[in-house]
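As a plain string of letters, each chain reads:
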Amino acid sequence: MEKDFFQAVFDLARLIPQGRVTSYGAIAKALGTPKSARMVGYAMNASHQISDIPAHRVVNRNGLLTGKHHFNYPKEMEEKLLKEGILVQDDQILDFEKVFWDPSTELTNFF
DNA sequence: AGCTTGACTTTGA
DNA sequence: GTCAAAGCCAAGC
């Protein structure tokens, strides 16, 4: 199976449980290419045209909603996160450590 | 084939 | 603790 990096990111992104978030680097690491963290975000950019990808559950390593600007409207990301029970304030996830979901840890046998 | 861009991460000062 | 710079891989042109 020669699915693109994007596909892999999308698949994993869909596995993110509700009320949890993860970082681009974590996804990249889970995919086996920790250095391609930027690609994860790049892939998410395309996720809009692909299907229902919970891109709002993916933030940078600081728990900051860096990608909010790429949504239909910036507030959308924040609203969705809040709706899922994730505390967000000023584009920053408050309890980031609590809601952080590491696919590499939770889905070790994902491959 | 090469160059540019990017929703990041890590390291050094 | 903060701020700045380099590195990184993949897609698009």
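It should be noted that the structure appears before, not after, this text.
Residues numbered from 1 in each chain as written. Chains lettered and ligands numbered in written order. Predicted model: local features only at pLDDT ≥ 70, side-chain atom pairs only at ≥ 80, totals over all residues. Heavy atoms only, no water.

Undergrad: So what's going on with the protein's contact with DNA strand B? Which residues, and what values?
TA: The environment of DNA strand B is formed by 18 residues, the closest being Y24, M39, R61, G67 and H70. Contacts to DNA strand B include G25, whose backbone N or O atom sits 3.3 Å from a phosphate oxygen. In this structure, N45 approaches DNA strand B through a main-chain N or O atom, which is 3.2 Å from a base nitrogen. Broken down by secondary-structure element, the contributors of at least two residues to the surface near DNA strand B are helix 2 (24-30) and helix 3 (37-50). (Near = heavy atom within 4 Å. Polar contact = N/O pair within 3.5 Å; in protein donor to acceptor, adjacent residues only side chain to side chain. Helix = DSSP H or I, 4+ residues; strand = E, 2+ residues; numbered from the N terminus.)

Undergrad: Before we move on, could you go through the environment of V40 and cite the residues and values that matter?
TA: Within the secondary structure, V40 sits in helix 3. Residue V40 is classed as buried on the basis of its relative accessible area of 0%. A sequence separation of 29 residues divides V40 from D11, and the C-alpha atoms of the two residues are 12 Å apart. Not counting the four nearest positions on each side in its chain, V40 is found in contact with F5, V9, Y24, I27 and A28. (Buried < 20%, exposed > 50% of the residue type's maximum accessible area, 1.4 Å probe, protein only. Contact = heavy atoms within 4.5 Å.)

Undergrad: Tell me about the protein's contact with DNA strand C, and name the residues and values.
TA: All residues in the neighbourhood of DNA strand C are listed as F6, K35, S36, R38, M39 and Y42. Per the 4 Å cut-off to the protein, sugar and phosphate atoms form 56% of the nearby atoms of DNA strand C. In the model, a base oxygen of DNA strand C is placed 3.4 Å from a nitrogen or oxygen of the R38 side chain. Among the elements that take part in the surface near DNA strand C, helix 3 stands out by supplying three residues, more than any other. Classifying every residue of the surface near DNA strand C by side-chain character gives three nonpolar, one polar and two charged. (Nonpolar A, V, L, I, M, F, W, Y, C, P; charged D, E, K, R; others polar.)

Undergrad: Before we move on, could you go through the packing of helix 1 (residues 5-14) against helix 3 and cite the residues and values that matter?
TA: As a packed pair, helix 1 and helix 3 sit with axes 9 Å apart at the nearest point and diverge in direction by 80°. The orientation of helix 1 relative to helix 3 falls into the category roughly perpendicular. Within the contact between the two elements, helix 1 uses F5, F6, V9, F10 and A13 and helix 3 uses M39, V40, Y42, A43, M44, A46, S47 and I50. The class makeup of the residues in the contact of helix 1 with helix 3 is twelve nonpolar, one polar and no charged. (Axes fitted to C-alpha atoms, helices over the stretch in contact; angles between N-to-C directions. Parallel < 35°, antiparallel > 145°, perpendicular 65-115°, else oblique.)

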